[in-house]
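Structural description and commentary
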Amino acid sequence: MSEEWMFPKVKKLPKYVFAMVNELKYQLRREGEDIVDLGMGNPDIPPSQHIIDKLCQVANRPNVHGYSASKGIPRLRKAICDFYKRRYGVELDSERNAIMTIGAKEGYSHLMLAMLEPGDTVIVPNPTYPIHYYAPIICGGDAVSVPLLPEDDFPEGFIRRLYDLIKTSFRKPKAVVLSFPHNPTTLCVDLEFFKEVVKLAKQEGIWIVHDFAYADLGFDGYTPPSILQVEGALDVAVELYSMSKGFSMAGWRVAFVVGNEILIKNLAHLKSYLDYGVFTPIQVASIIALESPYEIVEKNREIYRRRRDVLVEGLNRVGWEVKKPKGSMFVWAKVPEGIGMNSLDFSLFLLREAKVAVSPGIGFGEYGEGYVRFALVENEHRIRQAVRGIKKALDKIKSYLA
């Protein structure tokens, strides 16, 4: 089909390269193949039962099925602020510094819509989660990439390039978008990194938007910091906190934007025209989740850690050298030396020969080329099956190249 059906704004959005992997995956499954799907970062772990029970209990009430509150019900906004106080020692006002969003993607995209005028630019790392780059474009603005390279002198090199890009921009950027632990590279930062970024933002008069999607998934003693722990961060920054990963509530679409009052007010005003919030029983159940002992999150985190270890140790045993990430629900792996394929071709090769789906790095930006991303969304038994399939595939191509 030609692209004549596309409106101009839609034409600016390239077809996901992930779609090519998905099309082959579905074709192979229709042919009866058993595919271990480590492609999309879609959590397979259910929420704790008491959270589900609360959802069902509240949904049985006759008075909760009307429109809800676009900002989130007051008790839920208080719950997220209390959670930040317990977890990060950050003081937030539930009326001024917090708003619920229908997932982090919606929250981020509508924040861009509220912030940007035509011609405004946003600085985004490359590689990055695609919506970080394309939401500003959808909103009529533009996105400018700053390379985020795992083998570079991170974080010093990244901060230096960020500083140079801001200083040399013809028009001062409106915001810098960050997300650590990072998707897809799994790079992690400490509080000193955020201090430098906040200092730079204040000097240059720009905003910071930090997507904290993997806040709860730090391993081996590493606890991902919140940018709001930095003194003065509330003057320039907001953070998106999602319940999708640590609480395993991805399909519930519960997230929050917390931080700077001006950005929160603008987002709230825009959202009042666009939606009536999430189904009230989901919001009430989310309160129960946030007020529960943090052990329910730690249990899920341990599942991801074990899966990480099974995958990384297995890949290393079969000759594919990969490092263990300190955070996120992903493994970012360089295409093995000597394979002679780009990331998309290698992903399709793994699908056909290993019966394993992964995400090609090029789908996250030009600096993602040469890598593939594994999502830790299958159980340990299935991950071991994936490693066996990958070994057979690698052995086959090595014998061919010999």
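This text goes with the structure placed above it.
Residues numbered from 1 in each chain as written. Predicted model: local features only at pLDDT ≥ 70, side-chain atom pairs only at ≥ 80, totals over all residues. Heavy atoms only, no water.

A few words now on helix H11 (residues 295-317). Here H11 spans 32 Å end to end across 23 residues, near enough to the 33 Å set by a 1.5 Å rise per residue. Just downstream of H11 lies Gly 319, where phi reads positive at about 95°. (Helix = DSSP H or I, 4+ residues; strand = E, 2+ residues; numbered from the N terminus. Expected span 1.5 Å × (residues − 1).)

Before going further, it helps to examine the packing of helix H5 (residues 104-115) against helix H9 (residues 261-274). Close contact between H5 and H9 brings their axes to 9 Å; oriented N to C, the two are set at 100°. Taken together, H5 and H9 sit at an angle that is classed as roughly perpendicular. In this structure, H5 uses Glu 106, Gly 107, His 110, Leu 111, Leu 113, Ala 114 and Met 115 to contact H9, whose residues at the interface are Leu 263, Asn 266, Leu 267, Leu 270, Lys 271 and Leu 274. When grouped by side-chain class, the residues that make up the contact of H5 with H9 number eight nonpolar, three polar and two charged. (Axes fitted to C-alpha atoms, helices over the stretch in contact; angles between N-to-C directions. Parallel < 35°, antiparallel > 145°, perpendicular 65-115°, else oblique. Contact = heavy atoms within 4.5 Å. Nonpolar A, V, L, I, M, F, W, Y, C, P; charged D, E, K, R; others polar.)

Before going further, it helps to spend a moment on the sheet that holds strand E8 (residues 255-259). Spatially, E2-E8-E7-E6-E5-E3-E4 is the arrangement adopted by the seven strands of the open sheet, whose pairing is mixed. The open sheet has two free edges, formed respectively by strand E2 (98-101) and strand E4 (142-147), since each of these has just one partner strand. Going across the sheet, the axis of each strand differs from the next one's by a mean of 20°, ignoring polarity. When strand E7 (residues 237-242) meets E8, the two strands line up antiparallel, connected through five bridges. The partner of Tyr 241 across the bridge, within E8, is Phe 256. (Pairing = 2+ DSSP bridges.)

For the bond running from Phe 154 to Pro 155, omega is 5°, close enough to zero to count as cis. You can see Pro 155 is positioned in the loop between E4 and helix H7 (156-168). Omega for the bond connecting Phe 180 with Pro 181 falls within 30 degrees of zero, at -5°, which places this linkage in the cis form. Residue Thr 186 is not a glycine yet carries a positive backbone phi of 70°. Judged by its relative accessible area of 11%, Thr 186 is buried. (Buried < 20%, exposed > 50% of the residue type's maximum accessible area, 1.4 Å probe, protein only.)

The next point concerns the sheet that holds strand E12 (residues 371-375). What links the strands of a sheet is backbone hydrogen bonding, and the strands pair in either a parallel or an antiparallel sense. With respect to topology, three strands assemble into an open sheet ordered E9-E12-E11, the strand pairing being antiparallel. With one partner strand each, in any of the chains shown, strand E9 (330-334) and strand E11 (359-360) form the two edges of the open sheet. Across five bridges, E9 lies against E12 in antiparallel orientation. Paired with Lys 334 across the strands is Tyr 371, a residue of E12.

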